[in-house]
Amino acid sequence: MTGIELSEITASFGGERVLGPLSFAVTPGEQVALVGKSGAGKSTLMRLIYQQSNGGATLIPQDLGLVHALPVFHNVYMAQLNRHPTWYNVCTLVRPFQRERREIMPLLEQLGINEKQWAPVASLSGGQRQRVAIARALYRNSGMLLADEPVSALDGPMAHTVMALLQESYQTSIVALHDIELALRYSHRIIGIQDGRIALDEPSARLSEADILPLY
Amino acid sequence: MFSYPTVRASFLFLAIACVGLVFADIAITTVNPWRDLGRFFLGVVTPDFFSTEGLATAILRTVAFAFTGVTLGSVAGFLLALVYRWRVVRMFSAFIRAIHELFWALIFLQFFGFHPLTGVLAIAIPYAGIFAKVYSEILDEADQEPLRLLPPGTGVISAFLYARVPDVWDRIRTYTSYRLECGMRSSAILGFVGLPTIGFYLEASFSQGLYSEAGALLILFYVLIATIPWWVKPKLLPVYIIGAPFFLGEGLPIVWGNVTRFFTQDIVPAPIRNDESWAELGLWFSDLMFNEALPGLWNTVVLTQIALVFTGLLALLAFPLISSHFGGPVRRVSGHVFLVVVRSTPEYILAYILLQLWGPSMLPAVVALALHNGGIIGHLIGRQTSMIRLRSDASVGLNRYTFELIPRVYRSFLAFLFYRWEIIMRETAILGILGVATLGFYIDSAIQNIRFDRAMVLILITALLNIGIDALSRFIRGRLALKTMPTC
């Protein structure tokens, strides 16, 4: 399990700097919540961290990145395409094997979308799609999680279930959240981003909602 | 009005066509064209479905060649699409689709003879080039995000099958089945060079003046095209694809000696074949250029520009026929029937019929091209206007046409028209086989005189002309910021 170290990273869009320069390190076993108002540069930062991991980390992007024409099962299965030979993946595309069915079914049950297992993602609601992307991330189980607003379309109880599941499966994580309460509860450390710079970096235990609100 | 670049472009093309008309050879040369036309229409309304047992065979062969050719073309095109980012593949695809199906058929006839392979390859090769381009465009438009999210170490094939194909499968399927309809038309006209499809029987009936038989063939062809949604079902496709090759007919066996001779002798320029000097080769080439290629090129361009403008005019006149903003249900239904008939009749068949009736000149070619292409664009634009919702107190009649609808659809109208520019040019070249002095005329004559070396050079020139027009059309569409979907 590896952490991540960023030094003096920047990002520009159309000639204008939108992020950085900023530096920070996340050690293995650390769960970080990224907070800040929309447009502060959280998503850009997520992308940069993912690029630096060379695909080694698991990413839940804001737009989810699902294949809409494929069923829920196959979207989840895609997280482990690299663990099987090509012929096995081709067969699974036509007719999944029992082994993966048994692995994926419990994940979908926990997220309450088991009945949609064979429905194409295109036919699901926004919240259901978000849970498919989360199931995919849980199935990937890579050691480090990068999630950009993973519960934005979920209702209260489900949001807590999902955050707890993610916290349990990924010892090391960086999760961007706009919900301050969730951020405080499901992280060890909070990094606040304002105008593309780090405005706050403290252990969660030492912070309260009032400390974070000025960022918004 | 002239401050709009689209309007300026339109008038520029109109002016070019007017200049072209001065040079064009437009005439009716038959003694009694209207009586022949009357007899033809009488034949269409009194079709004779039982005159020959060939009718059923003609339909069967037309369908079989279309299915086999389009299937082969789509598989090859898909493989080419995977490596379409390579410049050499793009050039190869552009080249094979720049040569019309009939020219491919004429080439293969010289060495495979009347073997089914001739017809199948004549469809499959140019279609592979078209499929390669369109498939690669569709694949490029797929959402790239799932591909980026795959775990590292995922195999190329697995990644392709999971993250790229499913997203675009629907569009690939829609486009392929649309092309199948185009394939039916291509297959039908292959009969005009001797393959056993509808065109062959149509030409036979016409040349004997059996208009009722010709009428029956045409009606059957329309029914065949119009009922495609009912008899081509996804579940039946494997049956058709596997079955089609068995219904291509026997044809004549391939003489392999002919194949070798074609490539080692026939297509080698005569002066080289006869070991003559370089000076002789120069003379041979300049004779070919000045007496055949350049006149053919000139006529092809003139005819294309005139036909392009008439296509546009006809489309603008025809779209109100099916637009829900004009007239009642009776007019719209008859408008639909008219547009279905003109757009499902291949321009080659239209031109053939009109040439029989009016005699050889550019006139039948212009009318045929304008009717067919104008019908296609008119149909698409008419359908588009029906989706426009006007405010309830919008003007009616001519004011509605000029102030409400034309400004709204003009850009997409131009996009379709420029897209079809290259198609019209390809067709113009091919109409030469019927006797209009375009490039096809000189190609056909060279083949008749067994001078394949000359024919090959002329086909090459035709292909280059098409590639040039295609590039020019893309440039103009880019400058005017016009976007369109592919049509055939």
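Keep in mind it's a predicted model, so treat the numbers as computed, not measured.

What to know about the overall build of chain B
Here comes step 1: Tallying secondary structure elements over chain B gives 21 helices and zero strands in all.
Here comes step 2: The C-alpha radius of gyration of chain B comes to 24 Å, within 12% of the 23 Å expected for a compact globule of 488 residues.
Here comes step 3: Counting only C-alpha atoms and orienting by the principal axes, one finds that chain B spans roughly 80 × 75 × 55 Å.
Here comes step 4: Buried positions account for 55% of the 488 residues belonging to chain B.
Here comes step 5: Across chain B, contacts joining residues at least 24 apart in sequence account for 80% of those joining residues at least 6 apart.

Topic: the domain arrangement of chain A
Here comes step 1: Here chain A is described as being made up of domain 1 (4-57 + 142-215) and domain 2 (67-125).
Here comes step 2: Each of domain 1 of chain A and domain 2 of chain A has a C-alpha centre, and the two are 28 Å apart.

What to know about unusual backbone geometry
Residue and element names in this part refer to chain A.
Here comes step 1: Residue E8 is not a glycine yet carries a positive backbone phi of 50°.
Here comes step 2: Mapped onto the secondary structure, E8 falls in strand β1 (residues 4-13).
Here comes step 3: In this model, D195 sits at a positive phi of 50°, which is unusual for a non-glycine residue.
Here comes step 4: Residue placement: D195 occurs in the loop between β7 (189-194) and β8 (197-203).

Regarding the interface of chain B and chain A
Here comes step 1: The interface of chain B with chain A comprises 17 residues on the first partner and 29 residues on the second.
Here comes step 2: At the junction of chain B and chain A, the tally comes to one salt bridge.
Here comes step 3: A salt bridge links E145(B) to R47(A), with the shortest nitrogen-to-oxygen separation between them at 2.6 Å.
Here comes step 4: Where chain B meets chain A, there are six residue pairs in polar contact (both at pLDDT 80 or more).
Here comes step 5: Only α7 (145-149) and α8 (156-190) of chain B provide two or more residues apiece to the side of chain B that touches chain A.

Here is what the cut-offs are and how they apply
Residues numbered from 1 in each chain as written. Chains lettered and ligands numbered in written order. Predicted model: local features only at pLDDT ≥ 70, side-chain atom pairs only at ≥ 80, totals over all residues. Heavy atoms only, no water. Helix = DSSP H or I, 4+ residues; strand = E, 2+ residues; numbered from the N terminus. Rg over C-alpha atoms; globule rule 2.2 N^0.38 Å. Buried < 20%, exposed > 50% of the residue type's maximum accessible area, 1.4 Å probe, protein only. Contact = heavy atoms within 4.5 Å. Domains from an automatic or database assignment. Salt bridge = Lys/Arg side-chain N within 4 Å of Asp/Glu carboxyl O. Polar contact = N/O pair within 3.5 Å; in protein donor to acceptor, adjacent residues only side chain to side chain.

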